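Fold and geometry: a report
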Amino acid sequence: MPRCARLSSGCRWLPAQLPWIQAVVVKTRNSQDPQQKRGTVVYGETADRKILENGVWYAIDPMINRDASLYLDTRNVRVWASQHLRDKSVLNTFAYTGSLGVAAQAGGAARVVHLELNRRFLNVAKTSYTLNGFPINKSDFQVGDFWPRINRLKAADERFDCVFLDPPIHSATARGVVDLAQSYTRLINKVRPLIKHDGYLVAINNALFVSGAAYLKEVESVCADGYLTIEELISVPEDFIGEPGAQRSASVTDPAPFNHSTKIVVLKVRRKG
């Protein structure tokens, strides 16, 4: 069946089954056309630009990137942030559209600094602030490369009660390389000097090809010096994985003891002295 016919058939079937759908966006991941990768509206007029989750508004732009601009697998991290970070200072590295920091702000955080390479993504985070009536301090929305930005924060003797570390699977700039299969320990060691005594480091690894056991072993190796301890593992929401009893495709690697390839660990930090 031609692609256009498949789309037409799907666009008729989806609204019939899910009448609340107002728009359908199709993304062609392997297209050579950047716009096709970001997506095309094939049903309805425009895609929604905000979503309400647990009483918090998040701005979204479903066609800003190859994904939908809000990661649903980290919903429980946003719940954790809203429950644990009141009056705390937070650094949201690799912030993307800022959802983890927005959740922390909604939970009463005293200060949230978002660090992201792409200004367009941080503008979405600012829109989330506006939707919720949060004040926007421009200096807390920092555009720049992770590596020199972290160095600047260290040089300024900044300290935070919590650091979110949710990097892309692979990223390379002139200043450094992010590779979740090869160098996650380097990322942890890069940010841990910025965390206060008894603070938190929320370390997320979403690489499909890194097993849960391998990731946990790497995290445990960083904890061997006694200055980091595993506080808890945060699961991906069950409704994100699929309905109970639904057939699921086999994982590339076994995520156990996590329940999904998005592997989330909360670490407690102890500082010398």
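Residues numbered from 1 in each chain as written. Predicted model: local features only at pLDDT ≥ 70, side-chain atom pairs only at ≥ 80, totals over all residues. Heavy atoms only, no water.

**What about the overall build of the chain?**
- Secondary structure assignment for the chain yields nine helices and 13 strands.
- Over its C-alpha atoms the chain spans a radius of gyration of 20 Å, differing by no more than 12% from the 19 Å that the globule rule assigns to 273 residues.
- Dimensions of the chain along its principal axes, counting C-alpha atoms only, are 65 × 40 × 40 Å.
- When burial is assessed residue by residue, the chain has 44% of its 273 residues classed as buried.
- The long-range fraction of contacts in the chain, counting pairs at least 24 apart against all pairs at least 6 apart in sequence, stands at 65%.
- Looking at the chain as shown, the accessible area adds up to about 14,200 Å², and 50% of this sits on carbon and sulfur atoms.
- Distance from the positive charge centre (35 side chains) to the negative charge centre (26 side chains) of the chain: 6 Å. (Helix = DSSP H or I, 4+ residues; strand = E, 2+ residues; numbered from the N terminus. Rg over C-alpha atoms; globule rule 2.2 N^0.38 Å. Buried < 20%, exposed > 50% of the residue type's maximum accessible area, 1.4 Å probe, protein only. Contact = heavy atoms within 4.5 Å. Areas by Shrake-Rupley, 256 points an atom, 1.4 Å probe, with all protein chains shown as cover. Lys, Arg positive; Asp, Glu negative; His and termini not counted. Charge placed at Lys NZ, Arg CZ, Asp CG, Glu CD.)

**Re the state of the cysteines**
- According to the stated counting rule, one finds zero disulfides in the structure shown.
- Between Cys162, a cysteine without a disulfide, and Cys223, which holds the nearest cysteine sulfur, the sulfur-to-sulfur distance is 15 Å.
- Judged by its relative accessible area of 14%, Cys223 falls in the buried class. (Disulfide = S-S within 2.5 Å.)

**Description of the sheet that holds strand 8 (residues 160–165)**
- The strand order across the open sheet formed by seven strands is 7-6-5-8-11-13-12, and the pairing between neighbours is mixed. Both outer strands of the open sheet, strand 7 (141–143) and strand 12 (228–234), are each paired with one neighbouring strand and no more. In this sheet, adjacent strand axes meet at a mean angle of 20 degrees when their direction is disregarded.
- The sheet contact formed by strand 5 (residues 89–93) and strand 6 (residues 111–116) spans four bridges and is parallel. Along strand 6, the bridge assignment pairs Ser89 with Arg111.
- Docked against the sheet, helix 4 (residues 99–106) engages strand 5, strand 6, strand 8 and strand 11 (195–205), running at close to 175 degrees with respect to strand 6.
- The sheet strands contacting helix 6 (residues 146–155) are strand 5, strand 6, strand 7 and strand 8, and the helix crosses strand 5 at an angle near 160 degrees. (Pairing = 2+ DSSP bridges. Axes fitted to C-alpha atoms, helices over the stretch in contact; angles between N-to-C directions.)

**Focus: the packing of helix 6 against helix 7 (residues 184–191)**
- Two elements in contact, helix 6 and helix 7, have axes separated by 10 Å at closest approach and are oriented at 25 degrees. Judged by the inter-axis angle, helix 6 sits roughly parallel to helix 7. Taken together, the residues of helix 7 that come into contact with helix 6 (itself represented by Phe146, Trp147, Ile150, Asn151 and Lys154) are Arg186, Leu187, Lys190 and Val191.
- Residue composition of the contact of helix 6 with helix 7, by class: five nonpolar, one polar and three charged. (Parallel < 35°, antiparallel > 145°, perpendicular 65-115°, else oblique. Nonpolar A, V, L, I, M, F, W, Y, C, P; charged D, E, K, R; others polar.)

No statement about biological role is implied by the geometric values presented.
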